[in-house]
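Summary of structural features
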Amino acid sequence: DGGITQSPKYLFRKEGQNVTLSCEQNLNHDAMYWYRQDPGQGLRLIYYSQIVNDFQKGDIAEGYSVSREKKESFPLTVTSAQKNPTAFYLCASSPTTGEAGANVLTFGAGSRLTVL
Amino acid sequence: AQSVAQPEDQVNVAEGNPLTVKCTYSVSGNPYLFWYVQYPNRGLQFLLKYITGDNLVKGSYGFEAEFNKSQTSFHLKKPSALVSDSALYFCAVSAGANILTGGGNKLTFGTGTQLKVEL
């Protein structure tokens, strides 16, 4: 079955450590996204990529970094510069064909990061 | 800037009764509107979308939504609620500069509405 795999599902980190969240998709989608979810705040866009070797900052990129070396993969690094990293992180992908704005995002199951 | 408002943090409905989850939006230009559902500790699942045309959109699991341009609303509805519909529902919008020239889609999400359907 096609889909998006995020790992790990749960992650604990000490303050000052960088952590990398994995996101892999086999949907052959060109675009990939990282969102952060906090209770009562909905989803906020961290980074997105529309094509391999290119990515753009979203609304809350500070303290995060990404890479897009392969079409299937879009890992997110939460750096020690992120002041409040405890959150639920969601990766998504979408096609870039068809009517712009109408493309549906498909989401992974998420990774829950807790900073101790 | 575009925004989405979901005015109710929680909606409680008895099983078998109709349900409505409210969403209003603010954008420049014509909106593309989406509803997603999230079960506990899971990702979001797509329910339906409005692009153009008929204001009443039908989606998965018997859900539908009505686009109202004058009221800038896109309320989610279902004629008869099930206990299994209990979940967190998100409205999202894309319009204007958030529709990327590369075909990607920068969705802006509401804060979510927790739907609880009881027996």
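Summary of the structure given here. Computed from a prediction, not measured in an experiment: that's the story for all the values here. Residue positions are given per chain, counted from 1 along the sequence in the order it is written. Think of it this way: whatever chain is written first is A, whatever ligand is written first is 1, and the rest follow in order. Note on the predicted model: pLDDT of at least 70 is required for a residue's local features to be given, and 80 or more for side-chain atom pairs to be given and counted; whole-chain, interface and lining totals, by contrast, use all residues. Excluding hydrogens and water, the side-chain values take into account all heavy atoms of the structure.

**Concerning the side chain of A:Asp38**
Residue and element names in this part refer to chain A.
- Helical segments are the DSSP runs of H or I of at least four residues, strand segments are the runs of E of at least two, and each set is numbered from the N terminus. With respect to the helices, strands and loops of the structure, Asp38 is situated in strand E4 (residues 31–38).
- Reaching out from Asp38, the side chain makes a polar contact with the side chain of Arg36 at a distance of 2.7 Å.
- Pairs of N or O atoms within 3.5 Å make up the polar contacts considered here, provided that, within protein, one atom can donate a hydrogen while the other can accept it, and that residues adjacent in sequence are counted only when both atoms are side-chain atoms. A polar contact is formed between the side chain of Asp38 and the side chain of Arg44, at a distance of 2.8 Å.
- Setting aside residues up to four positions removed in sequence, Asp38 forms contacts with Arg44, Thr86 and Ala87. Contacts between residues were defined by any pair of non-hydrogen atoms, one from each residue, lying within 4.5 Å.

**Topic: unusual backbone geometry**
Residue and element names in this part refer to chain A.
- Put simply, Ser7 and Pro8 share a cis peptide bond, and its omega is -5°.
- Topologically, Pro8 is positioned in the loop between strand E1 (4–7) and strand E2 (10–13).
- The residue Asn28 is not glycine, and still its phi comes out positive at about 60°.
- Turning to its location among the elements, Asn28 is positioned in the loop between strand E3 (19–25) and E4.
- Asn28 gets classed as exposed once you look at its relative accessible area, which sits at 57%. Throughout this description, buried means an accessible area under 20% of the type-specific maximum (1.4 Å probe, protein chains only), exposed means over 50%, and partly exposed covers the range between.

**Points about a nonpolar patch on the surface**
Residue and element names in this part refer to chain A.
- Like charges within 9 Å and nonpolar side chains (Val, Leu, Ile, Met, Phe, Trp, Tyr) within 5 Å are joined into patches, using only residues over 30% in relative accessible area that form no salt bridge. Here the accessible surface of atoms and residues is derived via Shrake-Rupley with a 1.4 Å probe, and residues count as covered only by protein chains that are part of the display. We define a salt bridge as a contact between a side-chain nitrogen of Lys or Arg and a carboxyl oxygen of Asp or Glu at a distance within 4 Å. A surface patch of nonpolar side chains, about 380 Å² in accessible area, is lined by Tyr10, Phe12 and Leu116.
- Its location among the elements puts Phe12 in strand E2.
- Given a relative accessible area of 54%, Phe12 falls into the exposed group.

**Brief notes about the pairing of strand E5 (residues 42–51) of chain A**
Residues and elements named next belong to chain A.
- Extensive coverage of E5 is indicated by the burial of 8 of its 10 residues.
- Two strands pair when backbone bridges link them, and E4 and E5 are joined in this way by 7 bridges, in the antiparallel orientation. Looking at the pairing, Arg36 lines up with Arg44 of E5.
- Counting the residues between successive antiparallel strands, the hairpin from E4 to E5 contains 3 residues, one of them, Gly40, with a positive phi of roughly 75°.
- As paired strands, E5 and strand E6 (residues 54–57) are joined by 3 bridges and run antiparallel to one another. Of the residues in E6, the one forming a bridge with Tyr48 is Gln56.
- By the convention used here, strands pair only if DSSP detects at least 2 bridges between them. Hairpin connection from E5 to E6: 2 residues lie between these consecutive antiparallel strands, with Asn53 at a positive phi of about 65°.

Everything listed here is a matter of geometry and, on its own, says nothing about what the molecule does.
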